[in-house]
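Residues per chain, in single letters:
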Amino acid sequence: MLTPKDYQYLYRITAGPTPLPGDCGTLCGSVCCRPGKHDELGIYLFPGEEAMFTRRENWLQWEEHDPVEHFFPASWPKPVYFVRCTRPCPREARPLACRFFPLAPHLQRDGTMLLIYETMDLPYSCPLITQNKPLQKEFVAAVNAAWQIMLRDRRIRDLVEEDSRCREEQNLPLRIVTDW
Ligand code: SF4
Ligand code: SF4
């Protein structure tokens, strides 16, 4: 299981690299940071990632969700933390999910991981996904290195495994990123 020390390391290696040389939020008005039409958007933390927060951050609202009700793997502990941003974050404190987007891991049946563009249905359009903008190598390398560590945690691996099988069942085309 990932420890707070592991999360500190993951935050460190993903702190600097960004998808583009500049702020990609200028392409879309930072649409992925907005709360959504019905205030429904937010970010799930990975198990144990809550150790990276004090829960007194003035830019976050916290919710505790039941992993079963929200379709997380059976191995996930209760509660799962869901956070909503009420204002722009201090960049160095953003959760891992924000650091990885728009990339996601895909586990092949032989257990090897591919790095792909996110395939989940999003209520907004991310130009990094739709406009084929080349991603910075340092960003792709950092996301890849972080996921290699994340997958050592059985609970996180379960989630990635389930998401990967789901993509296959739905025949979703995978856009694999190899350039790093
Ligand atoms: S939606 Fe895509 S392009 Fe826009 S800020 Fe988010 S990651 Fe960057
Ligand atoms: S934590 Fe920061 S990067 Fe992530 S959604 Fe909130 S404002 Fe955007």
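In this text the structure is predicted, and so the values were computed from the model without any measurement.

Caption draft 1: Local environment of the overall build of the chain. Check the secondary structure of the chain and you find six helices and five strands. The secondary structure elements of the chain, listed N-terminal to C-terminal, are α-α-β-β-β-α-β-β-α-α-α. The globule rule puts the C-alpha radius of gyration for 180 residues at 16 Å, and the 16 Å found for the chain is close to it. In terms of overall dimensions, the chain has C-alpha extents of about 40 × 40 × 35 Å along its principal axes. Within the chain, the fraction of its 180 residues that count as buried is 42%. A separation of at least 24 residues holds for 74% of the contacts in the chain among residues at least 6 apart in sequence.

Caption draft 2: Fine view of the sheet that holds strand S3 (residues 80-85). What the three strands build is an open sheet, ordered S1-S3-S2; its pairing is antiparallel. Looking at strand neighbours, the two that pair on one side only are strand S1 (43-44) and strand S2 (60-65), the edges of this open sheet. When S1 meets S3, the two strands line up antiparallel, connected through two bridges. Each residue of the ladder has a partner; that of Ile43, found in S3, is Val83.

Caption draft 3: Structural detail: helix H6 (residues 154-169). The end-to-end C-alpha separation of H6 is 22 Å, in line with the 22 Å expected for 16 residues at 1.5 Å each. Within the span of H6, buried status applies to Arg155, Ile156, Asp158, Leu159, Val160, Ser164, Arg165 and Arg167. Phi for Asn171, located one or two positions after H6, is positive at around 55°.

Caption draft 4: The arrangement of the pairing of strand S4 (residues 103-107) in detail. Extensive coverage of S4 is indicated by the burial of five of its five residues. By the alternation rule, side chains of S4 split into Leu103, Pro105 and Leu107 and Ala104 and His106, which are all buried. Linking two consecutive strands that pair antiparallel, namely S4 and strand S5 (residues 113-117), is a turn of five residues; a positive phi of about 90° is found at Gly111 within it.

Caption draft 5: Just the packing of aromatic side chains, in detail. Enumeration over the complete set of coordinates arrives at 10 aromatic pairs. Seen in terms of ring centroids, Phe72 and Trp76 are 4.7 Å apart; in terms of plane orientation they differ by 20°. Their pairing is stacked. We note that Phe72, like Trp76, is buried. One aromatic cluster in this structure is built from Tyr44, Phe72, Trp76 and Phe82.

Caption draft 6: Just the site of ligand 2, in detail. By nearness alone, every residue bordering ligand 2 is listed as Cys32, Cys33, Ile43, Trp59, Cys85, Cys89, Arg94, Pro95 and Cys98. For the shell around ligand 2, the class distribution of residues is eight nonpolar, no polar and one charged.

Caption draft 7: Quick look at the pattern of salt bridges. For the coordinates displayed, the defined rule picks out eight salt bridges. Its salt-bridge partner being Glu64, residue Arg55 comes within 3.5 Å of it at the nearest N-O pair. Assessed through its relative accessible area of 39%, Arg55 is described here as partly exposed. Glu168 is paired through a salt bridge with Arg165; the nearest N and O atoms lie 2.8 Å apart. One end of the pair, Glu168, and the other, Arg165, are both in helix H6, three residues apart, so they sit about a helical turn from each other. Ionic contacts of the salt-bridge type, sharing partners, join the residues Arg109, Glu161, Arg165 and Glu168 into one network.

Calculation notes
- Residue numbering note: each chain is counted from 1, following its sequence as written.
- To label them, take the chains in the order written and letter them from A, then take the ligands in the order written and number them from 1.
- Predicted model: local features are reported for residues with pLDDT of at least 70 only, side-chain atom pairs are reported and counted for 80 or more only, and whole-chain, interface and lining totals are derived from all residues.
- Where side-chain values are given, they derive from all heavy atoms of the structure, hydrogens and water being excluded.
- Secondary structure elements are defined from DSSP: runs of H or I of at least 4 residues count as helices, runs of E of at least 2 residues count as strands, and each element is numbered from the N terminus.
- The quantity called the radius of gyration is restricted to C-alpha atoms. Its globule counterpart is 2.2 Å times the number of residues to the power 0.38.
- Each residue gets one of three labels from its accessible area relative to the maximum for its type: buried under 20%, exposed over 50%, partly exposed in between, using a 1.4 Å probe on protein chains only.
- Contact criterion: two residues are considered in contact whenever any of their non-hydrogen atoms come within 4.5 Å of each other.
- In this description, strands pair whenever DSSP reports at least two bridges between them.
- One fewer than the residue count of a helix, multiplied by 1.5 Å, yields its expected span.
- The criterion for an aromatic pair is that two Phe, Tyr or Trp rings (for Trp, the six-membered ring) have centres within 6.5 Å, with stacked assigned to planes under 30 degrees apart, edge-to-face to planes over 60 apart and tilted to the rest.
- Each residue is tested against the molecule or strand, and it is near if at least one of its non-hydrogen atoms lies within 4 Å.
- Just so you know the grouping, Ala, Val, Leu, Ile, Met, Phe, Trp, Tyr, Cys and Pro go in nonpolar, Asp, Glu, Lys and Arg go in charged, and all remaining residues, Gly too, go in polar.
- Only one rule defines a salt bridge in this text: a Lys or Arg side-chain nitrogen within 4 Å of an Asp or Glu carboxyl oxygen.

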